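Fold and contact review
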Amino acid sequence: MNDQSTRARTTADWQALDAAHFLHPFTDFDALAKKGARVITRAEGIYLWDSDGHRIFDAMSGLWCVNVGYGQRSLIDAATRQLHELPFYNAFFQTATPPAIELAELLAEVTPPQFRHVFFAGSGSEGNDTIVRMVRRYWDLLGEPERQVIVSRRNAYHGSTMAGASLGGMAAMHAQGGLPIPGIVHIEQPFWREHGQGMTRDEFGLVAAGWLEDMIQRVGPDKVAAFIGEPVQGAGGVIVPPATYWPEIQRICDKYGILLVSDEVITGFGRTGHWFGCEAMGARPDLMTFAKGVTSGYIPLGGVMVGERVARVLIERGGEFNHGYTYSGHPVACAVGLANIRLVQQLGLVEHVRDVVGPQLARAYAELAQHPLVGEAETCGMMGALQLVKDKARGTAFPSELEVGMVCRGHCFREGLIMRAVGDRMIVAPPLVTTPAQLDEMVALIRRCLDLTLHDVGSRGWLA
Ligand code: PXG
């Protein structure tokens, strides 16, 4: 595809070609082919432009990843330089490249102190596949091969490979392809609104963490290898756990000696106002999965931070670990990761989220909580959720078949705002570089879309 043909093609041309050849992820292929895909052609800062020239506020940071915003020169230059110098060499067979070594060093610096080693992968899903193999290998090496079971949670998202989808707790994913794979079990999520009726948030946090202990007892404490969780569930709808939850999870993991895995694919690199979500939540994981924000999505990269408890066993007793990917430590991806993390440091983005835009988003959402359509508004750093309800006083949900979230999402697109719908939960995760003025602009757009949705559902008779 050359520039000439790019310029010559209309939106209708793109849509026809797309429908003819491109099977999109998590998509009803037939429905999309009939409707036509939205084609995004360029971006700058926090804005996207579609093939019709409409400007769109990207309040989802691409897909929870473009933390430094679009068009950052230092990332583009780092990739270009590395492409010229050494576009690829592998890290198998006792070989390394400078960007991979330097990124490993920088990751050890910005992650919590128990982490001094990294295993690179190409994505979050591959990172979580690595987690499953590494956790089981660890217990094998310690002479406890029967410790195989990994406890995860319902409505968790840990990726789309066989292991990632199995760790995840999405029923619709398990229903396709005979998942989960053996040795993965799920407990209920710490979603206060759904499961905490009659309890304070803090009381519920302890109860929800207690479900882990119940599961450990049910499976048998000598069979449980690890617990995995997202500090804040992202794809599940920005579910912020009560403050008591993670410290109690940590206590239970410590009590039974099981490994704690924090999936930081969304919450890593400043999203919560801390470098990593586990630091915001008061947990001290043995392993952390990362992806997305490590390169701000400019190029695919993921991996696993390996805490000293696990690293020492793998290094000192392990022999060869028969696992790895062609692109583990890809030099161009690692060069972009280095430039990205240095930019996060230079711009002080973690502090910007913690001290400026995170608190501003929290205040704005507290006001949006007054809106007649909003039953609950929650934020954590630069993530926000609005639960749409039919009856605010009673907190009654809309019948799910009405798909009110999708109605709201439609208004967002027409108004030039990307806000995602997870059922009737509207979620945002704007770029961390968003300025206070831009955040005001986003909140004004959200308010307008809520008003339009309210009017729309009212005129359809859905509020009656
Ligand atoms: N863990 C978490 C916590 C994630 O959010 C993955 C693992 C998998 O990463 P890769 O790079 O393999 O996609 C993710 C990915 C959504 C959505 O609908 C979220 C993700 C991916 C696609 C869609 O919010 N998160």
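The structure presented is a predicted model; accordingly, all values stated were derived computationally and were not measured. (Residues numbered from 1 in each chain as written. Predicted model: local features only at pLDDT ≥ 70, side-chain atom pairs only at ≥ 80, totals over all residues. Heavy atoms only, no water.)

Some remarks on the confidence of the model for the protein
The predicted coordinates of low-pLDDT regions are not to be read in fine detail. Counting all residues, the mean pLDDT for the protein is 97, and 98% of those residues have values of 70 or more. Confidence, read as mean pLDDT per element, is least for helix α1 (residues 3-8) in the protein (59) and greatest for strand β8 (residues 259-263) (99). (pLDDT = per-residue confidence, 0-100. Helix = DSSP H or I, 4+ residues; strand = E, 2+ residues; numbered from the N terminus.)

Structural notes on the state of the cysteines
All told, the structure shown has zero disulfides when counted by the stated rule. The closest cysteine sulfur to the non-disulfide-bonded C334 is located on C65, 17 Å from its own sulfur. A relative accessible area of 0% means that C334 is categorised as buried. Cysteine C412 remains unbridged, with the sulfur of C449 as its closest cysteine sulfur at 3.9 Å. (Disulfide = S-S within 2.5 Å. Buried < 20%, exposed > 50% of the residue type's maximum accessible area, 1.4 Å probe, protein only.)

Describing helix α18 (residues 436-459)
With 24 residues, α18 should reach 34 Å at 1.5 Å per residue; the first-to-last C-alpha distance of 35 Å fits that figure. Those residues of α18 that sit buried are L439, M442, V443, L445, I446, C449, L450, T453, D456 and V457. Positive phi appears at G461, one or two residues downstream of α18, with a value of about 80°. (Expected span 1.5 Å × (residues − 1).)

Description of the pairing of strand β11 (residues 374-380)
Sheet analysis places β11 next to strand β12 (residues 383-388), joined by six bridges and oriented antiparallel. Looking across to β12, one finds that E376 is bridged to Q387. In sequence, β11 turns back onto β12 through a hairpin of two residues, with G381 there showing a positive phi of about 55°. (Pairing = 2+ DSSP bridges.)

Brief notes about the pattern of salt bridges
Following the criterion strictly, the structure yields 21 salt bridges and no others. A salt bridge links R284 to D254; the shortest N-O distance between them is 3.4 Å. Here R284 is found in the loop between α13 (277-281) and β9 (287-290), whereas its partner D254 is found in helix α12 (residues 245-256), with 30 residues between them in sequence. Among the residues examined, D254 registers a relative accessible area of 45% and is labelled partly exposed. The salt bridge involving E376 is made with R425; its shortest N-O contact spans 3.3 Å. With E376 in strand β11 and R425 in strand β15 (residues 425-428), the pair connects residues that are 49 residues apart, well separated along the chain. Classification of E376 as buried rests on a relative accessible area of 13%. With relative accessibility at 3%, the residue R425 sits in the buried group. (Salt bridge = Lys/Arg side-chain N within 4 Å of Asp/Glu carboxyl O.)

Regarding the site of the ligand
Around the ligand sit 16 residues in total, of which W64, G124, S125, D263 and R420 are the nearest. In the model, an oxygen atom of the ligand is placed 2.5 Å from a nitrogen or oxygen of the S125 side chain. Here an oxygen atom of the ligand and a side-chain polar atom of R420 are 2.3 Å apart. Relative to its unbound accessible surface of 540 Å², the ligand loses 83% to contact with the protein. Listing elements by their share of the shell around the ligand, those giving two or more residues are α4 (61-64) and α7 (124-141). The biggest single contributor to the shell around the ligand is α7, with three residues. Its residues placed into classes, the shell around the ligand shows six nonpolar, six polar and four charged. Lining the shell around the ligand are residues from two domains, each supplying at least three of them: domain 1 (11-71 + 348-459) and domain 2 (73-347). (Near = heavy atom within 4 Å. Polar contact = N/O pair within 3.5 Å; in protein donor to acceptor, adjacent residues only side chain to side chain. Areas by Shrake-Rupley, 256 points an atom, 1.4 Å probe, with all protein chains shown as cover. Nonpolar A, V, L, I, M, F, W, Y, C, P; charged D, E, K, R; others polar. Domains from an automatic or database assignment.)

Examining the sheet that holds strand β3 (residues 55-58)
The strand order β1-β2-β3-β13 describes an open sheet built from four strands, whose pairing is mixed. At either margin of the open sheet sits one strand with a lone partner, and together these are β1 (40-44) and β13 (417-418). Contacting β2 (47-50), β3 and β13, α18 runs over the sheet at an angle of about 105° to β3. (Contact = heavy atoms within 4.5 Å. Axes fitted to C-alpha atoms, helices over the stretch in contact; angles between N-to-C directions.)

Let's talk about the domain arrangement of the protein
Each domain of the protein was delimited in the assignment, giving domain 1 (11-71 + 348-459) and domain 2 (73-347). Taken over C-alpha atoms, the centre of domain 1 sits 26 Å from the centre of domain 2. Contacts between domain 1 and domain 2 engage 37 residues on the former and 40 residues on the latter. Together, the buried faces of domain 1 and domain 2 total about 2,800 Å²; carbon and sulfur atoms form 61% of this surface. Area buried by domain 1 at its contact with domain 2 is led by W64, V350 and M383, which between them contribute 22% of it. Put simply, domain 1 and domain 2 have one salt bridge between them. Across the pair E378 and R201 runs a salt bridge, and its minimum N-O distance is 3.4 Å. Counting every contact that joins domain 1 to domain 2 gives 20 residue pairs in polar contact (both at pLDDT 80 or more). Every element with two or more residues in the side of domain 1 that touches domain 2 is listed here: α4, α16 (349-368), β11, β12 and β15. With five residues, the top contributor of residues to the side of domain 1 that touches domain 2 is β11. Grouping the constituent residues of the side of domain 1 that touches domain 2 by class yields 22 nonpolar, 11 polar and four charged. (Buried area = accessible area lost by both parts, 1.4 Å probe.)

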